[in-house]
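# Chain and residue survey
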Amino acid sequence: MLYNIAGLWLYYESENQYFEERCKAFQMEISEKNIEKCDICISAASYKKVRRPQGIEVMKGAEPAVIRKNPPLEGYYIYSLLPTFENGVLKRDRIPQLLDTDPNWSNIRIKYICDDSLPFINNDCSLSNWNEFSSFLLAGVAFRYRLIKKNGLLIHSSSIEYKGKGLIFSAPSGTGKSTHVRLWQELYGDAVTIINEDRPAIRYIDDMPLLCGTPWSGSSDYFTNKNVPLSGIVMLEQAPQNSIEILSGPKVVQLLMPRCFLPYFDAGMMIEALNTLERLVNDVPVYLLKCRPDYEAVELVQKCLI
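This one's a predicted model, so the numbers in the text were calculated from it and none came from an experiment.

### Side note on the environment of Q238
Within the secondary structure, Q238 is located in strand 19 (residues 227-238). Of the residues examined, Q238 reaches a relative accessible area of 57% and is grouped as exposed. In the structure, Q238 is positioned 233 residues away from I5 in sequence and 33 Å away in space, judged by C-alpha atoms. Excluding residues that lie within four positions of it along the chain, Q238 makes contacts with G174, T175 and C291. A polar contact of 2.9 Å, which involves the side chain of Q238, links it to the backbone oxygen of T175.

Below is the structure:
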């Protein structure tokens, strides 16, 4: 199947009902000509066993593990270890899924163990095939790093369109991003569209920073296939009184950088990502909103857009 996500053409080659259902809003017409133009091609297949890859562990103790391939090979392996019990002892020695990528993150292979005994429980409590769900998540990892190669970033945030303008609200988990978005919906109704409630993409297309929907939205099912001009970035902070200020200088990067999905394991890609981040904070106003969860906080941000 072929998909257009944040302007990137993604070809996914495998039977995966979960992926197809999740990404149906992004689906494109498939043809040999379109496939040749793809930015990222992903294939997934099952194996009786996925062997631990050879290479250099570049992030000690990270979960999932990131392994740089041994020369002359280039690229990375990314995998998690599955907890198992043996004689009452907990071990983590089984690889349930593995991502194999080239250095440009354009050609991806996903290997997963053939094990239908591991269901995943969705938000609606229905059961989905564990292998299909895991492959969907790994495809999201590949997408966010390919996005860096194409002048973009994935940012942990809730995001909306308001009267044609894109806004993202970012903060550590539990600060109230989703609550703030709900207040926007209650106050402004149909003038607000949720773009993505957890992992929207920001990408420069024709020198314009766009807020883009993606199908990867954490535990939330709120996302849409829409690209709109990004008009503001709002960093949220809980406070007893509402106030807003525009940020500049090092404080902007200090607050926003930890919210970005960055390739700390690859120095060259980090430079690409930070260049995009620097460009972004120079082009788009970044605000610090200290707030209570109420309509007054929403109105403070809305007035900045007028």
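There is more to say, and it comes next.
### What about the packing of aromatic side chains?
Tallying each qualifying case throughout the model produces 17 aromatic pairs. Taken together, the ring pairs connect Y3, Y12, Y18, F19, F133, F136, F143 and W216 into an aromatic cluster. Lying over the aromatic face of Y222, R182 brings its terminal NZ or CZ to 4.7 Å of the ring centre. The ring of Y204 has R279 sitting right over it, with the charged end atom 3.7 Å from the ring centre.

### Some remarks on helix 7 (residues 295-305)
Among the residues of helix 7, those classed as buried are A297, V298, V301, Q302 and L305. Looking down the long axis of helix 7, one finds its buried residues gathered within 135° of arc, a one-sided arrangement. Packed against the buried residues of helix 7 are strand 14 (158-162), strand 15 (165-170), helix 4 (177-188), strand 19, strand 20 (243-246) and strand 21 (286-291).

### Description of the sheet that holds strand 5 (residues 65-69)
Taken together, eight strands build an open sheet; the order of strands is 1-2-3-10-9-6-5-4 and the sheet is mixed. For this open sheet the edge positions go to strand 1 (2-5) and strand 4 (55-57), each flanked by a neighbour on one side alone. Here the average twist between neighbouring strands, direction ignored, is 25°. Of the pairings in the sheet, the one linking strand 3 (residues 40-47) to strand 10 (residues 107-113) comprises seven bridges and is parallel in character. Residue pairing across strands places A44 opposite I110, the latter belonging to strand 10. This element, helix 3 (residues 130-149), spans strand 1, strand 2 (8-13), strand 3, strand 6 (76-79), strand 9 (97-101) and strand 10 of the sheet and lies at about 155° to strand 10.

### Section: the pairing of strand 18 (residues 208-212)
Most of strand 18 is tucked away, with four of its five residues classed as buried. Hairpin connection of strand 17 (residues 201-205) to strand 18: two residues between the antiparallel strands, including D206 at a positive phi of 55°. The sheet contact formed by strand 18 and strand 19 spans three bridges and is antiparallel. Residue L210 lies in a different strand from strand 19, and its bridge partner there is P229.

### Details of the side chain of Q302
Turning to its location among the elements, Q302 is positioned in helix 7. Ignoring sequence-local partners within four residues, the contact set of Q302 consists of Y162, W184 and Y188.

### Some points on the confidence of the model for the chain
Mean pLDDT over the chain: 89, with 92% of residues reaching 70 or higher. Mean pLDDT in the chain bottoms out at strand 11 (residues 120-121), which sits at 56, and peaks at strand 18, which reaches 98.

### A short note on the environment of Y295
Relative to the assigned elements, Y295 resides in helix 7. Residues Y295 and W184 lie 111 residues apart in sequence; the distance between their C-alpha atoms is 7.8 Å. Those residues within four positions of Y295 in sequence are excluded, and the remaining contacts are L183, E186 and L187.

Calculation notes
Here the residue numbering is sequential within each chain, running from 1 through the sequence in written order. It should be noted that, the model being predicted, local features are given only for residues of pLDDT at least 70 and side-chain atom pairs only at 80 or more, the latter also being counted only at that level, while totals for whole chains, interfaces and linings use all residues. Hydrogens and waters are ignored; side-chain quantities use all the structure's heavy atoms. Numbering of helices and strands runs from the N terminus, with a helix taken as a DSSP run of H or I at least four residues long and a strand as a DSSP run of E at least two residues long. Remark: exposure states derive from per-residue accessible area (1.4 Å probe, protein chains only) relative to the maximum for the residue type, with buried under 20%, exposed over 50%, and partly exposed in between. Contacts: residue pairs with any heavy atoms within 4.5 Å of one another. Side-chain atoms alone can form a polar contact between residues adjacent in sequence; in general such a contact is a pair of N or O atoms within 3.5 Å, and within protein one must be able to donate a hydrogen while the other accepts it. Only Phe, Tyr and Trp rings take part, Trp by its six-membered ring, and two of them pair if their centres are within 6.5 Å. Stacked means planes under 30 degrees apart, edge-to-face means over 60, and tilted covers everything else. Here, over-ring charges are defined by two tests on the NZ atom of lysine or the CZ atom of arginine: distance to the ring centre within 6 Å, and angle to the ring normal within 35 degrees. Working definition: the arc comes from the directions between the helix axis and the C-beta atoms, pointing outward to the latter. Paired strands, as defined in this entry, are two strands with at least two bridges between them according to DSSP. Every axis in this analysis is a line fitted to C-alpha atoms, fitted for helices over the stretch in contact. Angles between the N-to-C directions lie between 0 and 180 degrees. Known as pLDDT, the predictor's confidence for each residue is given on a scale from 0 to 100.

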